[in-house]
Amino acid sequence: MTRAESDFLSILKNVVHPETSFVLNDPEWSEIIAVAEKQNLSSLIFDASQDLPGHEIVEALYFEKAVAQVSIQAQKTADFLNLYKAFLEDGISPIVLKGIICRSLYGERADFRASGDEDILISKEDYAKVTHTLHHCGYHAENKPDSGLKLVQEVTFTNIDSPLTVELHLNPFGSSDHIRIKMNEWFMDVFDSQEIVAIDGVSVRTLEPTDHMLFLIFHAFKHFTGSGFGIRMMLDILLFSEKYDFQIDWQYVYKGLIAVGAVAFYDDIVILGNRYLGFQLQLRIKCAGTSPEELLEDMLHMGTFGNSSKNDSTAGRITSITVAGNSKGHNRIKDMLRLLFPPLQVWMSWKPYLKDKPWMLPIEWGKRLLKYLRKGNLMADLAESRAIAERRLELLKKYGVI
């Protein structure tokens, strides 16, 4: 861990568990902000810097960008609540996941915790009604689901008059590998129970705490077994666990974690939260062979979603395809073929419309090949991506994923 990464974690600890005697000696703010940007927590770190030495440097470097990001996030929040009111007026109450629910855990700094989009979960029976409301409010789909809505994980909706992006989930975790399919099974009955929370005067339907806790961990584990996940996602899990600890049925949560092989993964998140971020969460199952420091290094390197560089993104695709095929070995030629020509089952999880039009697969292969050819030195980039993927796959082996 670099000094900037260590300082970043120390500042974050003081944000969520303030200490009156907190001191940061001679911070290298440009490097700390670079770490924070990679984790999509730069606005939060900017706000926390105001009482620390050298905050004038942060003001000069980041003031305008931080103000813009927080303003945009505030606009996204307002637009989403207006959209949700429209749902309620049309007699619909989608389940809200993550996003605005997690931001509320940050109190007055809610809009300093940025969200790329807002996620809602609906039953397939409500798809037509929900999309009608979205269209009426100016939101239009960016991707096509399969006709039976059996494979699509989410349909993304955008609005040219709003910075808000809405992801409409039908299968919470998709179907690209055996782990995600197992995860979906734990959310078949969530529409039978609900939690209503008030956000800025709007009654929003969300998962009850036990289901939401499990969803947040599964969501992080899904990204971990693909392109990676970052500190922000870990912090959301820790804050949610801390706030709702006594309302969560932990026995049920651990049954879910055991079912998908994520117990050691969650235990390491708890260990890291207690060790670096000032949490005092209970470690309910002590697993042998956990790797908290390696997990932390992976989060710091891969960033929010493992896409901080094109080679990281490519490494994530190698990892995802390897997990989907549950392959224990890979080489240069196989990596190339997996990247360029994944099988139809994998493609259908990315492009659900292919379930109805499988003959379009060669066209998607061709588009993918052209995209890689435009990148220039394909083999050199692939070599670096393979090295990143190799490291990540070794970590996944320690967690028993492959």
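What you see is a predicted model; the values in this text were computed from it and never measured. (Residues numbered from 1 in each chain as written. Predicted model: local features only at pLDDT ≥ 70, side-chain atom pairs only at ≥ 80, totals over all residues. Heavy atoms only, no water.)

Caption draft 1: Representation of the overall build of the chain. Helices and strands together make up the secondary structure of the chain, namely 17 helices and 7 strands. In the chain, the proportion of contacts linking residues at least 24 apart, taken out of those at least 6 apart, comes to 67%. Within the structure as shown, the chain displays about 17600 Å² of accessible surface, and the carbon and sulfur contribution to it stands at 53%. (Helix = DSSP H or I, 4+ residues; strand = E, 2+ residues; numbered from the N terminus. Contact = heavy atoms within 4.5 Å. Areas by Shrake-Rupley, 256 points an atom, 1.4 Å probe, with all protein chains shown as cover.)

Caption draft 2: Representation of the layout of surface pockets in the model. Looking at the second largest pocket, its volume works out to about 230 Å³. As for the second largest pocket, its lining consists of 14 residues, of which Lys124, Leu170, Asn171, Phe187 and Met188 are closest to the centre. Top element by residues in the lining of the second largest pocket is helix 7 (residues 178-185). It accounts for 3 residues. Partitioned by chemical class, the residues of the lining of the second largest pocket number 8 nonpolar, 3 polar and 3 charged. (1 Å grid on protein atoms, 1.4 Å probe; cavity = no way out; pocket = protein on both sides within 12 Å on 5 of 7 lines; lining within 4 Å. Points joined across faces, edges and corners; volume = space filled by probe spheres on them. Nonpolar A, V, L, I, M, F, W, Y, C, P; charged D, E, K, R; others polar.)

Caption draft 3: Main features of the packing of aromatic side chains. Using the criterion set out here, one finds 20 aromatic pairs in the structure. Between the aromatic rings of tyrosine 254 and tyrosine 266, the centroid separation amounts to 6.1 Å while the plane-to-plane angle is 70°, which identifies the pairing as edge-to-face. Remark: tyrosine 266 occurs in helix 11 (residues 263-276) and tyrosine 254 occurs in helix 10 (residues 250-260); sequence separation between them is 12 residues. Side by side, tyrosine 254 and tyrosine 266 carry an identical accessibility label, which is buried. Feature note: the residues Phe221, Phe224, Phe229, Phe265 and Tyr399 constitute an aromatic cluster, connected by ring pairs. (Phe/Tyr/Trp six-rings, centres within 6.5 Å; stacked < 30°, edge-to-face > 60°. Buried < 20%, exposed > 50% of the residue type's maximum accessible area, 1.4 Å probe, protein only.)

Caption draft 4: Geometry of the nonpolar core. Core analysis: the biggest nonpolar cluster contains 85 residues, and Phe8, Phe229, Ile231, Leu257 and Phe265 have the highest contact counts within it. Setting aside residues no more than four positions away along its own chain, phenylalanine 229 makes contact with Ala220, His223, Phe224, Met234, Phe265, Ile269, Leu295, Met299, Gly303 and Thr304. With 26 residues, the next largest nonpolar core counts Tyr84, Val152, Val155 and Leu168 among its residues. (Core = buried A, V, L, I, M, F, W, Y, C linked by side-chain atoms within 4.5 Å.)

Caption draft 5: Structural view of unusual backbone geometry. One non-glycine residue, aspartate 26, lies in positive phi territory at about 45°. Residue placement: aspartate 26 occurs in the loop between helix 1 (3-16) and helix 2 (29-38). A residue is classified by how much of its surface remains accessible, and aspartate 26, at 59% relative accessible area, is exposed. Residues other than glycine seldom take positive phi values, yet lysine 98 does so here, at roughly 55°. With respect to the helices and strands, the residue lysine 98 is situated in the loop between strand 1 (95-97) and helix 5 (99-103).

Caption draft 6: How the structure looks around the pattern of salt bridges. What the rule picks out here adds up to 14 salt bridges. When the shortest N-O distance is used, the salt bridge between aspartate 7 and arginine 3 registers 3.7 Å. One end of the pair, aspartate 7, and the other, arginine 3, are both in helix 1, 4 residues apart, so they sit about a helical turn from each other. The class for aspartate 7 is buried, based on a relative accessible area of 11%. Lysine 13 serves as the salt-bridge partner of glutamate 19, at 3.6 Å between the closest nitrogen and oxygen. A relative accessible area of 27% places lysine 13 in the partly exposed class. Taken together, the shared-partner salt bridges in this structure form one network comprising Arg103, Asp111 and Glu118. (Salt bridge = Lys/Arg side-chain N within 4 Å of Asp/Glu carboxyl O.)

Caption draft 7: Representation of the pairing of strand 2 (residues 118-121) within the structure. Along strand 2, one buried face is formed by Glu118 and Ile120 and the opposite face, lined by Asp119 and Leu121, is buried too. Pairing analysis gives 3 bridges linking strand 1 to strand 2, with the strands arranged antiparallel. What sits directly across from isoleucine 95, in strand 2, is leucine 121. (Pairing = 2+ DSSP bridges.)

Caption draft 8: Summary view of the side chain of asparagine 171. Tracing the sequence through the fold places asparagine 171 in the loop between strand 5 (165-169) and helix 7. By relative accessible area, asparagine 171 is classed as buried at 11%. At 3.3 Å, the side chain of asparagine 171 forms a polar contact with the side chain of lysine 124. (Polar contact = N/O pair within 3.5 Å; in protein donor to acceptor, adjacent residues only side chain to side chain.)

Caption draft 9: Examining the confidence of the model for the chain more closely. Looking at the chain, the pLDDT average stands at 85 and 85% of residues meet or exceed 70. When mean pLDDT is taken per element in the chain, helix 9 (residues 231-244) scores highest with 96 and helix 14 (residues 332-340) scores lowest with 57. (pLDDT = per-residue confidence, 0-100.)

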